[in-house]
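Commentary on secondary and tertiary structure
Residues per chain, in single letters:
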Amino acid sequence: MPHLKSRRLKPGDTIAIVSPSWGGPSVFPHIFDRGLRNIQEIFGLQIREFPSARLDARKVYLNPQLRAEDLNQAFGDPDIDGIFTSIGGDDSVRILPYLNLDIIQKNPKILLGFSDTAAINTFLFGHGLVTYNGPSVMAGFAQMHNLPREYRDHVAHMLMSETYPNTYVPYPRWIDRYEEWSNLGNDGAIGDLYDNIEGWHWLQGTGQVTGTIFGGCIEVLEFLKGTSFWPNLDLLGRSIFFFETSEDKPSISNVKYMLRNYGSMGLFETAQAVLFGRARSYSPEDKVLLDKMIVEVISGEFGRYDMPVISNMDFGHTDPQWILPLGVKATVDCNTREFRLAERPTEN
């Protein structure tokens, strides 16, 4: 069965802002406010902050049910057109038992976030909804006015455009960090912009494959494996998996163990492709070793010499990042070196 899509956004639509993980807006309100202004001024969207949005970070942590109720209310409210998360964190998994799947499935809406939001995206993917891995209010939107114009164009195209299809292309420049958020004068300031000279690393694969997009922050996905929140393995067959690493910079050995686990689950037997995002805070030497390890696991340990594997792609914890819709079909073409959606991500 195809995953349920939400309708595209349009200027004037109202976006619910929630903090389903960490209460970052209460700690760095100036960064949060900059992100909200960009959402309003760049995209013409209206904002409604839900109770968790600016709640004290400690109270956010202590009240997973309240965080879940914000999502339930946002999905159920006919005046809310989409839902953006304020920031990631590390414990969105704690809200999953309190999500009302009946309300959510009856009212599909764009849910956008990355990092720890991968827990929510994965859970809802497993229950038949398209969800969106992409920028959050504080990490992505708050810096958008300082990043290449192609970033805002891509976000608008993915969430608001009637046109189709979408072919993903590398951004011309990228950053590995933001300026210190504790500086009250920080207005979405970014670190050094690097020219995207390397582009993507096409590590292996030939021909063209099509599969269903699934993935997220690889460390967060580990929180769900072996729980009732992990999708049925049948849903993960013929997937295009995408993985990215967080600012915690997991060791290459740890990433190897995580990747090996997918192979041990049998998922590489039917996987169509594996994509890795540009690794945050990894040195050029680290990235070479990471690429080597990925190929050693997928091909050397599990014999998938034929499967397309690409790394250093424009998603994850570096900016600007793409929006990747979980549950939507995409195509990897090794002959033309293209990655594109094979169906619309939203309903018109």
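Notes on the structure follow. Source: prediction; values computed, not measured.

Attention shifts here to the overall build of the chain. From N to C terminus, the chain includes eleven helices and 16 strands. At 19 Å, the chain has a C-alpha radius of gyration in line with the 20 Å of a compact globule built from 348 residues. Taken across its 348 residues, the chain has 60% of its residues classed as buried. Sequence-distant contacts, at least 24 apart, represent 79% of the contacts inside the chain between residues at least 6 apart.

In this section: unusual backbone geometry. With omega at -5°, the peptide bond leading from Asp319 into Pro320 counts as cis. One non-glycine residue, Arg238, adopts positive backbone phi at about 55°. With respect to the secondary-structure elements, Arg238 resides in the loop between helix 8 (218–224) and strand 11 (239–244). In this structure, Asn312 takes a positive phi of about 60° despite not being glycine. Looking at Asn312, the relative accessible area reads 6%, which means it is buried.

Turning our eyes to something else, we now look at the layout of surface pockets. Here the largest pocket defines a volume of roughly 510 Å³. Ranked by the residues each element gives to the lining of the largest pocket, the list is headed by helix 8, at three residues.

Turning our attention to the sheet that holds strand 3 (residues 82–85). The strand order 2-1-3-4-5-14 describes an open sheet built from six strands, whose pairing is mixed. Edge positions in the sheet fall to strand 2 (46–49) and strand 14 (324–326), since each has one partner strand and no second. Taking the axes of each pair of neighbouring strands and ignoring which way they run, one obtains an average angle of 25° across the sheet. Judged from the two bridges that link them, strand 4 (residues 110–113) and strand 5 (residues 131–133) form a sheet pairing that is parallel. Bridging from a neighbouring strand, Gly113 pairs with Asn133 of strand 5.

What follows is about the sheet that holds strand 11. One open sheet holds the eight strands; their spatial order is 6-16-15-10-11-12-13-9, and the pairing between them is mixed. Bordering the open sheet on either side are strand 6 (167–168) and strand 9 (201–204), each of which pairs with just one other strand. Pairing of strand 6 with strand 16 (residues 338–341) involves two bridges; the strand directions are antiparallel. Among the inter-strand pairings, Tyr168 is bridged to a residue of strand 16, identified as Phe339. Its contacts with the sheet place helix 11 (residues 284–301) against strand 9, strand 12 (273–277) and strand 13 (309–313), and it is angled at close to 30° to strand 9.

Okay, helix 11 next. Here helix 11 contains 18 residues, and its C-alpha end-to-end distance of 25 Å stays within 8% of the 26 Å for a straight helix at 1.5 Å per residue. Along its buried surface, helix 11 packs onto strand 7 (173–174), strand 9, helix 9 (252–264), helix 10 (267–270), strand 12 and strand 13. Of the residues one or two after helix 11, Gly303 is the one with positive phi, at around 70°.

What follows covers the pairing of strand 12. Each regular strand displays side chains that alternate between the two surfaces of the sheet. Of all five residues in strand 12, five are buried, a share of seventy percent or more. Where strand 11 lies against strand 12, four bridges are found, and the strand directions are parallel. The partner of Phe242 across the bridge, within strand 12, is Leu275. Sheet topology places strand 12 next to strand 13; three bridges connect them, and they run parallel. Across the sheet, the residue bridging to Leu275 is Ile310, located in strand 13. Following the backbone out of strand 12, through helix 11 and into the adjacent parallel strand 13, one traces a crossover that is right-handed.

It is worth spelling out the nonpolar core at this point. By size, the foremost hydrophobic cluster in this structure holds 109 residues, and its most contacted members are Phe84, Leu159, Val332 and Phe339. Per element, the largest residue contribution to this core is six residues, and it comes from helix 6 (residues 118–125). Sequence-distant contacts of Leu159, that is, excluding residues within four places in its chain, are made with Arg8, Leu9, Phe84, Ile110, Leu112, Tyr132 and Ile323.

Here we take up the side chain of Ser115. The topology assignment puts Ser115 in the loop between strand 4 and helix 6. The buried category is assigned to Ser115, whose relative accessible area is 9%. One polar contact links Ser115 to His317, side chain to side chain, over a distance of 3.0 Å. Excluding its chain neighbours within four sequence positions, the residues that come into contact with Ser115 are Gly88, Cys217, Val220, Glu244 and His317.

Criteria and cut-off values
Residues numbered from 1 in each chain as written. Predicted model: local features only at pLDDT ≥ 70, side-chain atom pairs only at ≥ 80, totals over all residues. Heavy atoms only, no water. Helix = DSSP H or I, 4+ residues; strand = E, 2+ residues; numbered from the N terminus. Rg over C-alpha atoms; globule rule 2.2 N^0.38 Å. Buried < 20%, exposed > 50% of the residue type's maximum accessible area, 1.4 Å probe, protein only. Contact = heavy atoms within 4.5 Å. 1 Å grid on protein atoms, 1.4 Å probe; cavity = no way out; pocket = protein on both sides within 12 Å on 5 of 7 lines; lining within 4 Å. Points joined across faces, edges and corners; volume = space filled by probe spheres on them. Pairing = 2+ DSSP bridges. Axes fitted to C-alpha atoms, helices over the stretch in contact; angles between N-to-C directions. Expected span 1.5 Å × (residues − 1). Right-handed = clockwise from strand over helix to strand, strands pointing away. Core = buried A, V, L, I, M, F, W, Y, C linked by side-chain atoms within 4.5 Å. Polar contact = N/O pair within 3.5 Å; in protein donor to acceptor, adjacent residues only side chain to side chain.

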